[in-house]
Amino acid sequence: MDMLEIARTLEATGIGTWVRESRNVAPFVSALHIIAIATVFGTIIVVDLRLLGIPSNRRSFTQLANDLLKWTWIAFAFAVISGVLMFLANATVFYSNTLFQVKMVLLLFAGVNMYLFERFTIRGVGAWDSGVPAPRFAKAAGALSILLWISIVFVGRWIGYTKSAPMPDIDLGDALGGFL
Amino acid sequence: MTGFANWLESTGIHLFFYDNYATILPAVQSIHIIAVAIVFTSIFLIDLKIFGWAGRNMSLIQTVRRYGPWVWGGLILLVITGIMMILTEPTREFLDPGRSSADNEYWNLAFWIKMGLIAVGVLVAVAFQRHLRRNQEHWEQSILTKSRTKMLAGLTLLGWIVIIVMGRMIAFPAVFSGGGA
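The residue count restarts for each chain, going from 1 along the sequence in the order it is written. For naming, the first written chain is A and the first written ligand is 1, with later ones following in the order written. Since the coordinates come from a predicted model, pLDDT governs what is reported: local features require at least 70, and pairs of side-chain atoms require 80 or more to be given and counted, while whole-chain, interface and lining totals use all residues. Excluded from the side-chain calculation are hydrogens and water; included are all heavy atoms of the structure.

**Quick look at the overall build of chain A**
Line of reasoning, step 1. Each helix corresponds to a stretch of at least 4 residues labelled H or I by DSSP, and each strand to a stretch of at least 2 residues labelled E; elements are numbered beginning at the N terminus. Along its length, chain A carries eight helices and zero strands.
Line of reasoning, step 2. Walking chain A from its N terminus toward its C terminus, one meets helices and strands in the order α-α-α-α-α-α-α-α.
Line of reasoning, step 3. Over its C-alpha atoms, taken along the principal directions, chain A stretches across nearly 60 × 40 × 25 Å.
Line of reasoning, step 4. The buried label applies to any residue whose accessible area, calculated with a 1.4 Å probe on protein chains only, is under 20% of its type's maximum; exposed applies above 50%, and partly exposed to all values in between. Every one of the 180 residues in chain A was classed for burial, and the buried ones make up 43%.

See below:
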């Protein structure tokens, strides 16, 4: 069974059909996806900025990370659930969509960046938890994370514009029905 | 409303956005989403502090000073990108183009509910910040501990969630009209 075959099977599942064909499910799933992304992005950026010393290095990094990252993970779980639902509804389209593949690779990079930070860089946190700037590696991880997540949001939004044929030069209402 | 939308569609700035539709609109929407993230997370973190679930090493006023400016900065970014989105597709934002006809206009309910809730949300935020600034000690010692305060914080957070949902629903007027997708 090749990948396209798998995508076809996924699309034909009860859940895929349900999301694709009911009038209200897809809109609310995509709204949930936005709320989840907003929380993931926002909480991660606050932690990343703290690594970069913004607004300052005064407060404990571990305290901030403890306060925020649990919400990042909860929201990430919702982003994955809503994302999978959207994928199932149009699996054959997403599977062959270059921007979708780019987004998945960027997510993987963000995950690796986070893993390396949690696995290695965080070990010495005692020395820079508060009052002093974070070391260069920690700052680099923060900056890279900000860049990756901004890219993920942009690429994610762009997927919606590449799913269907290019904009025809006709009535706005009809034309837009196609993308969304 | 149809007249106003039609007038906007005759302006040069609309034509510029519309002619570069496929490049400008997704970029503007992406910035809008990032600004939503900034505003929503900042409000969320202030509410977590009010719930007592985060920021225990900070006072409420410190938390508001830390995240409040991000709320207002993010809101400015939202207004700018929001206006750009309206200028690109005024009819689709204000009206339900699928149902509206020459003599019968249907408003895009999600858009107008969203605008109304934003007005309420901003008023609540301004009132909260003013009251906190003037009654700092009272807030830290008494108001913050009341369960009514936490309930109100939860309610405003819910309000902002509804605003985000309504924003997404602007693209799906059929959810409200019950018509075909």
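Next comes the rest of the account.
**As for the interface of chain A and chain B**
Line of reasoning, step 1. The contact rule is simple, with two residues in contact once any of their heavy atoms fall within 4.5 Å. On the side of chain B, 45 residues touch chain A, which itself brings 38 residues to the contact.
Line of reasoning, step 2. Here the quantity called buried area is the total loss of accessible area, with a 1.4 Å probe, experienced by two parts when brought into contact, counted for both. At the boundary of chain A with chain B, total buried surface from both sides reaches about 3700 Å², with 74% on carbon and sulfur atoms.
Line of reasoning, step 3. Ranking the residues of chain A by area buried against chain B places R23, R59 and Y161 of chain A at the top, with a combined share of 15%.
Line of reasoning, step 4. In the sections that follow, a salt bridge refers to a side-chain nitrogen of Lys or Arg positioned within 4 Å of a carboxyl oxygen of Asp or Glu. In this structure, the connection of chain A to chain B is made through zero salt bridges.

**Concerning the environment of I35 of chain A**
Line of reasoning, step 1. Here I35 of chain A shows up in helix α3 (residues 25-51).
Line of reasoning, step 2. Residue class for I35 of chain A comes out buried when judged on its relative accessible area of 14%.
Line of reasoning, step 3. Ignoring any residue separated from it by four or fewer positions in sequence, one finds I35 of chain A in contact with F40, I161, I164 and V165 of chain B.

**Quick notes on a nonpolar patch on the surface**
Line of reasoning, step 1. Nonpolar side chains (Val, Leu, Ile, Met, Phe, Trp, Tyr) are joined into patches within 5 Å and like charges within 9 Å, using only residues with over 30% relative accessible area and no salt bridge. The Shrake-Rupley method, run with a 1.4 Å probe sphere, supplies the accessible areas, and residue values consider only the shown protein chains as cover. Together, L108, V112, Y115, L116 and F120 of chain A line one region of the surface with nonpolar side chains, adding up to about 510 Å² of accessible area.
Line of reasoning, step 2. Among the structural elements, Y115 of chain A can be located in helix α6 (residues 98-119).

**Considerations on a positive patch on the surface**
Residues and elements named next belong to chain B.
Line of reasoning, step 1. A cluster of basic residues, R65, R130, R133 and R134, forms a positive patch at the surface.
Line of reasoning, step 2. Take the positive patch: its biggest share by element is three residues, from helix α6 (residues 109-134).
Line of reasoning, step 3. Mapped onto the secondary structure, R65 falls in helix α4 (residues 60-88). Just so you know, the count uses Lys and Arg for positive and Asp and Glu for negative, and it drops His and the chain ends. Every charge is mapped to an atom, namely NZ of Lys, CZ of Arg, CG of Asp or CD of Glu.

**Let's talk about the layout of surface pockets**
All names here are of chain B.
Line of reasoning, step 1. Think of a 1 Å grid over the protein atoms and nothing else: a 1.4 Å probe that fits but is trapped marks a cavity, an open set flanked by protein within 12 Å on at least five of seven lines marks a pocket, and residues with an atom within 4 Å of a point count as lining. Grid points are joined across faces, edges and corners, and a volume is the space filled by probe spheres set on the points. Considering only enclosed or pocket space, the second largest pocket measures out at about 530 Å³ in volume.
Line of reasoning, step 2. Lining of the second largest pocket is provided by 23 residues; of these, I50, V124, F128, W139 and T156 occupy positions nearest its centre.
Line of reasoning, step 3. Contributing elements (two or more residues each) for the lining of the second largest pocket: α3 (21-51), α4, α6 and α8 (147-169).
Line of reasoning, step 4. Classifying every residue of the lining of the second largest pocket by side-chain character gives 15 nonpolar, five polar and three charged. Basically, the charged four are Asp, Glu, Lys and Arg, the nonpolar ten are Ala, Val, Leu, Ile, Met, Phe, Trp, Tyr, Cys and Pro, and anything else, Gly included, counts as polar.

**Quick word on the pattern of salt bridges**
Residues and elements named next belong to chain B.
Line of reasoning, step 1. One pass over the structure, following the stated rule, counts three salt bridges over all chains.
Line of reasoning, step 2. Note that R92 is salt-bridged to E89, the shortest N-O span being 2.5 Å.
Line of reasoning, step 3. Classification of R92 by relative accessible area gives buried; the value is 10%.
Line of reasoning, step 4. Its salt-bridge partner being R99, residue D96 comes within 3.3 Å of it at the nearest N-O pair.

**Here we look at the nonpolar core**
Line of reasoning, step 1. Nine residue types can take part in a nonpolar core, namely buried Ala, Val, Leu, Ile, Met, Phe, Trp, Tyr and Cys, and a core is a set of them joined through side-chain atoms within 4.5 Å. Ranked by size, the top nonpolar core spans 89 residues in total, and within it F61, F117 and W128 of chain A together with L60 and F128 of chain B carry the most contacts.
Line of reasoning, step 2. Sort the elements by how many residues they give to this core and α3 of chain B lands first, with 18 residues.
Line of reasoning, step 3. If we ignore the near neighbours within four places in the chain, the residues touching F128 of chain B are I46, I50, L60, V64 and W139 of chain B.
Line of reasoning, step 4. Core analysis: the second largest hydrophobic core is formed by five residues, V19, V29, L85 and A89 of chain A among them.

**Looking at the confidence of the model for chain A**
Line of reasoning, step 1. Residue-level confidence of the predictor is summarised by pLDDT, bounded by 0 at the bottom and 100 at the top. Here chain A averages 90 in pLDDT, while 90% of its residues score no lower than 70.
Line of reasoning, step 2. Here residues 165-180 of chain A is a poorly scored stretch, pLDDT under 50, and it has 28 contacts once near neighbours within four places are set aside; other chains count.

**Notes on the packing of aromatic side chains**
Residue and element names in this part refer to chain B.
Line of reasoning, step 1. Aromatic contacts are taken between Phe, Tyr and Trp rings whose centres are within 6.5 Å, Trp giving its six-membered ring; a plane angle under 30 degrees counts as stacked, one over 60 as edge-to-face, and the others as tilted. Here the structure, examined in full by the defined rule, presents 20 aromatic pairs over all chains.
Line of reasoning, step 2. Ring geometry for F94 against F111: centres 5.4 Å apart, planes inclined by 70°, an arrangement best described as edge-to-face. Of this pair, F94 sits in helix α5 (residues 90-94) while F111 sits in helix α6; the two residues are 17 residues apart in sequence, bridging distant segments of the chain. The two residues F94 and F111 agree in class, both being buried.
Line of reasoning, step 3. Put simply, the rings of F4, W7, F94, W107, F111 and W112 touch in pairs and so form one group of aromatic residues.
Line of reasoning, step 4. Over the ring of Y106 we find R99; its NZ or CZ atom is 3.9 Å from the centre of that ring. Placement of a positive charge over a ring is assigned whenever Lys NZ or Arg CZ falls within 6 Å of the ring centre and within 35 degrees of the normal to the ring plane.

**Digging into the side chain of S30 of chain B**
Line of reasoning, step 1. With respect to the secondary-structure elements, S30 of chain B resides in helix α3.
Line of reasoning, step 2. S30 of chain B has contacts with V153, F154 and R157 of chain A, leaving out every residue within four places of it along the chain.

**Some details on unusual backbone geometry**
Peptide bonds are, in most cases, trans, and in most cases residues other than glycine have a negative phi.
Line of reasoning, step 1. A cis amide bond links I54 of chain A to the next residue, P55 of chain A, at an omega of 0°.
Line of reasoning, step 2. Counting through the fold element by element, P55 of chain A comes out in the loop between α3 and α4 (61-89).

**Describing empty space enclosed by the protein**
All names here are of chain A.
Line of reasoning, step 1. Within the structure shown, the criterion is met by two cavities of 30 Å³ or more.
Line of reasoning, step 2. Looking at the largest cavity, it is lined by 15 residues, and the ones nearest its centre are I44, D48, M114, F117 and S145.
Line of reasoning, step 3. Elements with a contribution of two residues or more to the lining of the largest cavity: α3, α4, α6 and α7 (136-162).
Line of reasoning, step 4. Here the element with the most residues in the lining of the largest cavity is α6; it accounts for five residues.
Line of reasoning, step 5. Residues of the lining of the largest cavity, tallied by class, amount to 10 nonpolar, three polar and two charged.

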